[in-house]
Amino acid sequence: MTLKIVFLMSSFLLFVSSGFALECPSNFKTEDVAMEMIKAEFSGIQIEGMRNHSCMNQDNFPHLLVESDVSNDEVKRIFAYVKDMKDVRILKIETIDPTVYSYKASFEVTGRTKSGKEKFKRTENISFFLYKGRSNQRVYGCGGILQHPENIYLFSKCKIK
């Protein structure tokens, strides 16, 4: 009986994991992955109540597995709204540990404060790692976040109404 349950569970997991497959194009650079991570951050990955928002739809992220788990995040307020990815510019990428493909990207973000009255330009950092194996990339995408930016930014189109 136990063996039958294990077989059914493994079949179920195989079915679930094959329900969608992420891709990590071979021509994707570390900077491209960093921009995808920032896009996920600005889509509301750390904001409570965003789990079912259209901005967090997995279809928007063909290169990353996007899962929001605010139970593991600090409660932070939205610092500012950003119009789109044109307001983000990578300044530099540093290798943290080449043996585990971990990196830190410094980026500049411009936009308006939450009140909408003041313009801002800030430098932030995001730390992440890359998945190198094809089997991991199909399930998890190109990489995962190690450390979020200091402040929370949200795309204007992603505001919760």
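Scroll up for the structure.
Residues numbered from 1 in each chain as written. Predicted model: local features only at pLDDT ≥ 70, side-chain atom pairs only at ≥ 80, totals over all residues. Heavy atoms only, no water.

A.B. asks: I tried to follow the overall build of the protein on my own but got confused; where do I start?
C.D. replies: Along the backbone of the protein there are three helices and six strands. A burial count over the protein gives 37% of its 161 residues as buried. For the protein, contacts bridging at least 24 residues in sequence account for 60% of all contacts bridging at least 6. Counting only carbon and sulfur atoms, one obtains 52% of the accessible surface of the protein, whose full area is about 10400 Å². (Helix = DSSP H or I, 4+ residues; strand = E, 2+ residues; numbered from the N terminus. Buried < 20%, exposed > 50% of the residue type's maximum accessible area, 1.4 Å probe, protein only. Contact = heavy atoms within 4.5 Å. Areas by Shrake-Rupley, 256 points an atom, 1.4 Å probe, with all protein chains shown as cover.)

A.B. asks: Just checking my understanding: could you explain the side chain of Glu-41 for this structure?
C.D. replies: For Glu-41, the position within the fold is in helix H2 (residues 30–42). Reaching out from Glu-41, the side chain makes a polar contact with the side chain of His-148 at a distance of 2.3 Å. Sequence-distant contacts of Glu-41, defined by excluding residues within four places in its chain, comprise Gln-46, Ile-126, Ile-145, His-148, Pro-149 and Tyr-153. (Polar contact = N/O pair within 3.5 Å; in protein donor to acceptor, adjacent residues only side chain to side chain.)

A.B. asks: Explanation requested: the pattern of salt bridges in the structure shown.
C.D. replies: Pairing between side chains of opposite charge can happen when the charged atoms of each approach one another. Tallying each qualifying case throughout the model produces two salt bridges. The closest approach of N and O atoms between Glu-108 and Arg-89, which form a salt bridge, is 3.1 Å. Note that Glu-108 is positioned in strand S3 (residues 102–113) and Arg-89 in strand S2 (residues 88–97), a separation of 19 residues in sequence. Note that Lys-92 and Glu-94 form a salt bridge whose closest N and O atoms lie 3.6 Å from each other. (Salt bridge = Lys/Arg side-chain N within 4 Å of Asp/Glu carboxyl O.)

A.B. asks: Which parts of the structure should I look at to understand the state of the cysteines?
C.D. replies: Note on terminology: a disulfide is the covalent bond linking the sulfur atoms of two cysteines. All told, the structure shown has two disulfides when counted by the stated rule. Through a disulfide, Cys-24 is tied to Cys-142; the S-S separation comes to 2.2 Å. Handedness of the Cys-24-Cys-142 disulfide follows from its S-S torsion of about 120 degrees: it is right-handed. A residue pair is termed long-range when its members are at least 10 positions apart, and Cys-24 in the loop between helix H1 (2–18) and H2 and Cys-142 in the loop between helix H3 (134–140) and strand S5 (143–147) qualify at 118 residues. Residue Cys-24 shares its accessibility class with Cys-142, and that shared class is buried. Disulfide pairing places Cys-55 opposite Cys-158 at an S-S distance of 2.0 Å. With the S-S dihedral at roughly -95 degrees, the linkage between Cys-55 and Cys-158 falls on the left-handed side. Of this pair, Cys-55 sits in the loop between H2 and strand S1 (78–82) while Cys-158 sits in the segment after strand S6 (152–155), and the two are 103 residues apart along the sequence. The class for Cys-55 is buried, based on a relative accessible area of 7%. (Disulfide = S-S within 2.5 Å.)

A.B. asks: Please explain the environment of Arg-134 as it appears in this structure.
C.D. replies: If you trace the backbone, Arg-134 turns up in helix H3. Sequence separation between Arg-134 and Leu-22 is 112 residues; the distance between their C-alpha atoms is 10.0 Å. Reaching out from Arg-134, the side chain makes a polar contact with the backbone oxygen of Cys-24 at a distance of 3.2 Å.

A.B. asks: Looking at this structure, I do not really get the nonpolar core. What am I missing?
C.D. replies: One broad trend across soluble globular proteins is that nonpolar side chains are buried collectively. Core analysis: the biggest nonpolar cluster contains 35 residues, and Phe-42, Phe-107, Val-109 and Phe-128 have the highest contact counts within it. Per element, the largest residue contribution to this core is six residues, and it comes from H2. Aside from chain neighbours lying at most four places away, what touches Phe-107 is Ile-38, Phe-42, Val-88, Arg-89, Ile-90, Leu-91, Arg-122, Thr-123, Glu-124, Asn-125, Ile-126 and Pro-149. (Core = buried A, V, L, I, M, F, W, Y, C linked by side-chain atoms within 4.5 Å.)

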